[in-house]
Amino acid sequence: MTVRGIIGDAGTLGVILRFLAALAVGACGGAFFWSIHAPLPWVLGSMTACAAGSIARLPIAANSATRRPMSAVLGVVLGSAFHPGIAAQAAQWIVPIALLPLFLTSAAVACVFYFRKIARFDPPTAYFAGMPGGIAEMVVLGSERGADERTIGLIHGARIFLVVFILPFLIRLFEAETGHAPLPPQVSGVADWTLLPWALGCMIVGSVIGRALKLPAWHLMGPLFVSAAVHLTGLSDFHIPAWAIAAAQVGLGATIGCRFVGLDLPTLLRTLMLAAGSTAILLVITFVWAFGIGWATGLDPALLTLAYSPGGVAEMSMVALSLALEASFVVVHHLVRVVLVIIGAPAAFKLMRSRDV
């Protein structure tokens, strides 16, 4: 074996070991949050423990390759939230989906203004840091247009961290105040090995299709679409065992927490403070729209909050599952959001720059 091959193998081994260490740290955090009955404990606990470990310079890390298996499991889980009877409910989704572009516009305008005038970012960085889109898409789109991709990535990573941490507690508080205590999620606590081929098939086929079609977050979206198709057509109604979901949630939380690896404490605190300002703006706007639409349509404001919230598809949908809310409703709205932002953000940026010239 060549020296380059040995170094490459050692580097790969180091990445795997650091990710396994992150999972161990995350599992400890998840177990602690589970013991104190926190909402979404395996995600929040893992996320918090790995964020603390990142700042403490523990040998932990996660990257796109290490989180793909976890994302595939979560994709299959979210796809299982769809069912043949969902068509009867879909008519109620027309109004919130139709209003989603207006919500995104109001949220984007407010956050871009905040990052430009308060945070003093340059125009391209402020624009893509303020867009309510996914991290990877906004980093790529921003870097192609002269923005600071590191700042964009940190701001969006901190935003997702804060939203995922705060929103489950707010939703639980709202449900408790209104007397709508959530039911336990419908997942199996033991493994039914006869269903394993369905789950693995959705993961493998979905990953292949997602990558071939170059879907955003293909390792999540591909399995999600295939699993949803299987459940919608009634081919199977399999569910992932609860322990497997918990393990995948630990992986999801670890990847969020490990986004702060390599940051010093002052940089982290500044990033969190700036992200906290934009997150507060986004959450206020989200609540206003969610409660307004809920009042007009009779839909659950808690469900609308998750559907409109400035978090990720997987994160917000897992919150919905943990609170026994309609996860498919949340999934569809976030998928529409991602498409709208990916298409609309570059076009609006081009229009804005042409007017400046």
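For the structure itself, consult the block above.
Residues numbered from 1 in each chain as written. Predicted model: local features only at pLDDT ≥ 70, side-chain atom pairs only at ≥ 80, totals over all residues. Heavy atoms only, no water.

Caption draft 1: Fine view of the overall build of the protein chain. In terms of regular secondary structure, the protein chain is built from 15 helices and zero strands. Compactness check: the protein chain gives a C-alpha radius of gyration of 20 Å against a globular reference of 21 Å for 357 residues, within 12% of the reference. For the protein chain, the spread of C-alpha atoms along the three principal axes comes to 65 × 65 × 40 Å. Scored against the burial criterion, the 357 residues of the protein chain give a buried share of 48%. Sequence separation of 24 or more characterises 75% of the internal contacts of the protein chain that already satisfy a separation of 6 or more. Carbon and sulfur atoms make up 71% of the accessible area of the protein chain, which totals about 16400 Å². Mean positive and mean negative side-chain charge positions of the protein chain (20 and 15 charges, respectively) differ by 11 Å. (Helix = DSSP H or I, 4+ residues; strand = E, 2+ residues; numbered from the N terminus. Rg over C-alpha atoms; globule rule 2.2 N^0.38 Å. Buried < 20%, exposed > 50% of the residue type's maximum accessible area, 1.4 Å probe, protein only. Contact = heavy atoms within 4.5 Å. Areas by Shrake-Rupley, 256 points an atom, 1.4 Å probe, with all protein chains shown as cover. Lys, Arg positive; Asp, Glu negative; His and termini not counted. Charge placed at Lys NZ, Arg CZ, Asp CG, Glu CD.)

Caption draft 2: Representation of a nonpolar patch on the surface within the structure. A contiguous nonpolar surface patch, about 620 Å² in accessible area, is contributed by Leu196, Leu200, Ile204, Val205, Val208, Ile209 and Leu213. Mapping Leu196 onto the fold places it in helix α9 (residues 196-212). Owing to a relative accessible area of 35%, Leu196 belongs among the partly exposed residues under this scheme. (Patch = residues over 30% accessible without salt bridge, like charges linked within 9 Å, V, L, I, M, F, W, Y side chains within 5 Å. Salt bridge = Lys/Arg side-chain N within 4 Å of Asp/Glu carboxyl O.)

Caption draft 3: Just the packing of aromatic side chains, in detail. Tallied over the full model, the rule gives 12 aromatic pairs. Here Phe103 and Trp289 contribute two aromatic rings whose centre-to-centre distance is 6.2 Å and whose plane-to-plane angle is 80°, an arrangement assigned as edge-to-face. With Phe103 in helix α5 (residues 94-117) and Trp289 in helix α12 (residues 265-297), this residue pair connects regions lying 186 residues apart in the sequence. Classification of Phe103 by relative accessible area gives buried; the value is 3%. Classification of Trp289 by relative accessible area gives partly exposed; the value is 22%. Each ring, one from Tyr127 and one from Phe349, has its centre 5.1 Å from the other, and the planes form 55°; the classification is tilted. (Phe/Tyr/Trp six-rings, centres within 6.5 Å; stacked < 30°, edge-to-face > 60°.)

Caption draft 4: Summary view of the environment of Val261. With respect to the helices and strands, the residue Val261 is situated in the loop between α11 (242-257) and α12. Val261 sits 64 residues away from Pro197 along the chain, and the two C-alpha atoms are 36 Å apart. Those residues within four positions of Val261 in sequence are excluded, and the remaining contacts are Arg18, Ser54, Ile60 and Ala61.

Caption draft 5: Focus on the pattern of salt bridges. Tallied over the full model, the rule gives one salt bridge. Residues Glu144 and Arg145 are paired through a salt bridge, measuring 3.3 Å at the closest nitrogen-oxygen approach. The exposed category is assigned to Glu144, whose relative accessible area is 56%.

Caption draft 6: The arrangement of the packing of α5 against α12 in detail. The contact between α5 and α12 brings their axes to 10 Å, and the two run at 155°. It follows that α5 is roughly antiparallel to α12 by the angle criterion. Crossing handedness for the pair α5 and α12: right-handed. Residues Val95, Pro96, Leu99, Leu102, Phe103, Ser106, Ala107, Ala110, Cys111, Tyr114 and Phe115 of α5 touch α12, and the partners they reach there are Met273, Leu274, Gly277, Ser278, Ile281, Leu282, Ile285, Thr286, Trp289, Ile293 and Thr297. A breakdown of the residues in the contact of α5 with α12 according to their chemical character gives 17 nonpolar, five polar and no charged. (Axes fitted to C-alpha atoms, helices over the stretch in contact; angles between N-to-C directions. Parallel < 35°, antiparallel > 145°, perpendicular 65-115°, else oblique. Left-handed = near helix turned anticlockwise from the far one by under 90°. Nonpolar A, V, L, I, M, F, W, Y, C, P; charged D, E, K, R; others polar.)

Caption draft 7: Main features of α11. Taking 1.5 Å per residue, 16 residues should reach 22 Å; α11 reaches 22 Å between its end C-alpha atoms and fits that length. In terms of residue burial, α11 counts as a mostly covered element, since 13 of its 16 residues are buried. (Expected span 1.5 Å × (residues − 1).)

Caption draft 8: How the structure looks around the nonpolar core. Core analysis: the largest hydrophobic core is formed by 88 residues, its most contacted members being Met131, Ile240, Leu306 and Met316. The biggest single contributor to this core is helix α8 (residues 149-178), with 10 residues. Listed in part, the nine residues of the second largest apolar core include Phe19, Leu23, Val250 and Ala254. (Core = buried A, V, L, I, M, F, W, Y, C linked by side-chain atoms within 4.5 Å.)

Caption draft 9: Spotlight on the environment of Ser207. Looking at the element boundaries, Ser207 is found in helix α9. Distance from Ser207 to Pro69, taken between C-alpha atoms, is 9.6 Å for residues 138 residues apart in sequence. A polar side-chain atom of Ser207 sits 2.7 Å from the main-chain carbonyl oxygen of Met203. (Polar contact = N/O pair within 3.5 Å; in protein donor to acceptor, adjacent residues only side chain to side chain.)

Caption draft 10: Representation of the side chain of Ser309 in the model. Turning to its location among the elements, Ser309 is positioned in the loop between α13 (301-308) and α14 (313-322). When its relative accessible area of 0% is taken as the criterion, Ser309 is described as buried. Side-chain polar atoms of Ser309 contact the backbone oxygen of Leu306, separated by 2.9 Å. Setting aside residues up to four positions removed in sequence, Ser309 forms contacts with Leu167, Thr286, Met316 and His334.

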